[in-house]
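Inside the fold
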Amino acid sequence: MSPEEAQSQTIDLLRFPLAVMVIYSHIAIEAPVPAQLGATPPLSAADLHYILELILTDLLTKVPVFYFISGLLFFLTMRQWSWLGYKKKMRRRLQALLIPYLMWNITTFFIFVAVQILLKGEPLSYAWAMFAEQNWHVVWDCNEWGTDRVNWLGGSLRTTGPFDTPLWFLRDLMVVSALSPLIYCFIRRTRIYGMALLSLAYISRIWPVATGFSVTAVFFFSLGAYFAINGINVIHFVQRTKYVVIVSFLALLAACIAYNGEHTVIGQNIYPFFAIATVFVSFYAASVFVTRWNVKANKFLVSSCFFVYAFHDSPTGNPLGISNTILHFVIPGSSALENAVCYLLSPFLAAAICVFILLLLKKFTPRLAKLYSGNR
């Protein structure tokens, strides 16, 4: 298998597991926060339950691997700048990102308002009030979180999202894709020194708080772009540096757990290093399945990733909420073990619900299914 083929197959193999990991990131941690992990050795069942949820909900699943992949793929066939190539790529992103993004947010907003009026008895004036209050913010920044996080200078950070909250990632991706000419010029002129500067901005989080222009999106998209523009094969890179990458990942994971992830100031300062290491560990782990065991991604699951991502925690439908309810009904206990089992299974059941609904849409309304799955 050529390095280019291995890289392409590794990216495909990563897509659906990453979509499932996104679902984990939207499960609220239910395990009680220990006063001190392991204060009475060995670790209690409650401690282990909390560590499990901390790792999957707050650490591994919030790593923006998709930004890195997007930057890599954007420039993989455009190592030398071409305005014609840029126009073609932006036209494809109009169909694959912008149109589905608008449709998901507008649809979920109107369904939410209709449910409030028709099923919950709200007056018609409720709809007008919602429209007047939200207007264009529905598709841009009507939700806000993360205001308790700070950067190295003590400045408060915040994250915003549209009505279908998980799509904040897509919004920032569209913004950074539109700015790709500037990113290309920056990488070409500043080379490794520019990436070092962007790394410092990401690690310190000293960056303008501007909606749609997050330092996370800019840094990881640019990092992927740096690999593509300079002809660095990611699989070759991670295989050569695997020991450094794996040891760094494990050490930083332990440190993040010890300092309670991003729930503490120290944890917030460790996490950016952990996120960078996790991107490369993800590629290395997936490449092992591809190159050693010839594992290939299921094409339908790959094509369903956008739909799973957009629908799993949507304000209307909410497969994640449905899966939680089903599992807690089937496993009604409240012990740490029973809760942990429900927690581990819930994202997979939610993803299965999304995939099943997409199958139905493809069967009965294929055009609608294509529209809501990012024209995939």
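Details of the structure are given in the entry above.
One structure accompanies this document, and this report is about it. (Residues numbered from 1 in each chain as written. Predicted model: local features only at pLDDT ≥ 70, side-chain atom pairs only at ≥ 80, totals over all residues. Heavy atoms only, no water.)

The number of helices and strands found in the protein chain is 15 helices and two strands. Scaling as 2.2 N^0.38, a compact globule of 376 residues should have a C-alpha radius of gyration of about 21 Å, and the protein chain matches this with 21 Å. Taken along the three principal axes of its C-alpha coordinates, the protein chain extends 60 × 60 × 45 Å. Counting all 376 residues of the protein chain, 47% fall into the buried class. Of the contacts formed within the protein chain by residues at least 6 apart in sequence, a portion of 73% connects residues at least 24 apart. Summing over all exposed atoms, the protein chain offers an accessible surface of approximately 18500 Å²; the carbon and sulfur share of this is 67%. On the protein chain, the mean spot of the 27 positive side-chain charges and the mean spot of the 17 negative ones are 19 Å from each other. (Helix = DSSP H or I, 4+ residues; strand = E, 2+ residues; numbered from the N terminus. Rg over C-alpha atoms; globule rule 2.2 N^0.38 Å. Buried < 20%, exposed > 50% of the residue type's maximum accessible area, 1.4 Å probe, protein only. Contact = heavy atoms within 4.5 Å. Areas by Shrake-Rupley, 256 points an atom, 1.4 Å probe, with all protein chains shown as cover. Lys, Arg positive; Asp, Glu negative; His and termini not counted. Charge placed at Lys NZ, Arg CZ, Asp CG, Glu CD.)

The next thing to look at is helix α6 (residues 168-178). For an α-helix, the turn length of 3.6 residues means that residues three or four places apart are oriented alike. Taking burial as the measure, the 11 residues of α6 include eight buried ones, the bulk of the element. Buried residues of α6: F169, L170, R171, D172, L173, M174, V176 and S177, and no others. Close packing links the buried residues of α6 with α3 (65-76), α4 (83-118), β2 (159-161), α7 (180-204), α8 (215-229) and α12 (299-311).

Applying the stated rule across the entire model yields five salt bridges. A salt bridge links K62 to D58; its shortest N-O distance comes to 3.5 Å. With relative accessibility at 41%, the residue K62 sits in the partly exposed group. What makes D58 buried here is its relative accessible area of 8%. With a shortest N-O distance of 3.1 Å, E144 and R158 are connected by a salt bridge. A residue pair is termed long-range when its members are at least 10 positions apart, and E144 in strand β1 (residues 143-145) and R158 in the loop between β1 and β2 qualify at 14 residues. R158 sits in the partly exposed class, given a relative accessible area of 34%. (Salt bridge = Lys/Arg side-chain N within 4 Å of Asp/Glu carboxyl O.)

One can find S222 in helix α8. Relative accessible area serves as the criterion here: at 1%, S222 is assigned to the buried category.

Grouped burial of nonpolar side chains is what soluble globular proteins tend to show. L59, F75, F220 and F283 are the most contacted members of the largest nonpolar core, which totals 92 residues. The leading source of residues in this core is helix α11 (residues 265-291), at 13 residues. Those residues in contact with L59 that sit more than four places away from it in its chain are L54, L253, C256, I257, G261, Y271 and F274. The next biggest cluster of nonpolar side chains, apart from the first, holds seven residues, and it includes F109, A127, M130 and V138. (Core = buried A, V, L, I, M, F, W, Y, C linked by side-chain atoms within 4.5 Å.)

With that settled, the discussion passes to the side chain of T108. Here T108 lies in helix α4. Overall, the relative accessible area of 2% leaves T108 in the buried class. For T108, the residues in contact, after removing those within four places along its chain, are F163, D164, S314, P315 and T316.

As a further point, take the packing of aromatic side chains. For any pair of aromatic rings, the description rests on two quantities: the centre-to-centre distance and the angle between the ring planes. Taken as a whole and assessed by the stated rule, the structure comprises 38 aromatic pairs. Look at F68 and F227: their rings are 5.6 Å apart centre to centre, the planes differ by 70 degrees, and that puts the pair in the edge-to-face class. Of this pair, F68 sits in helix α3 while F227 is found in helix α8, placing the two residues 159 residues apart along the sequence. The exposure class assigned to F227 is buried, which follows from its relative accessible area of 5%. The interplanar angle of 55 degrees and the centroid separation of 5.0 Å between the aromatic rings of F74 and F75 together place this pair among those described as tilted. On the basis of relative accessible area, F75 is assigned to the buried category, the value being 0%. Lying across the ring of F74, K89 places its NZ or CZ 5.5 Å from the centre. Above the ring of F364, the side-chain terminus of K363 is found at 5.8 Å from the ring centroid. (Phe/Tyr/Trp six-rings, centres within 6.5 Å; stacked < 30°, edge-to-face > 60°. Lys NZ or Arg CZ within 6 Å of the ring centre and 35° of its normal.)

So, about the environment of M78. Considering the arrangement of structural elements, one finds M78 in the loop between α3 and α4. With a relative accessible area of 3%, M78 lands in the buried category. With sequence-adjacent residues up to four places away left out, M78 is seen in contact with G85, Y86, K89 and Y184.

Axes are the key here: two packed helices are described by the angle between their axes and the distance separating the axes. Between α3 and α8, the least distance of the axes is 7 Å, while the angle of their chain directions is 40 degrees. As summarised for this structure, α3 and α8 are arranged oblique, according to the angle between their axes. In terms of crossing hand, the pair formed by α3 and α8 is right-handed. Each of Y67, F68, S70, G71, L72, F74, F75 and L76 in α3 lies in contact with α8, whose residues at this interface are T216, A217, F220, F221, L223, G224, A225, F227, A228 and I229. Residue classes in the contact of α3 with α8 are distributed as 14 nonpolar, four polar and no charged. (Axes fitted to C-alpha atoms, helices over the stretch in contact; angles between N-to-C directions. Parallel < 35°, antiparallel > 145°, perpendicular 65-115°, else oblique. Left-handed = near helix turned anticlockwise from the far one by under 90°. Nonpolar A, V, L, I, M, F, W, Y, C, P; charged D, E, K, R; others polar.)

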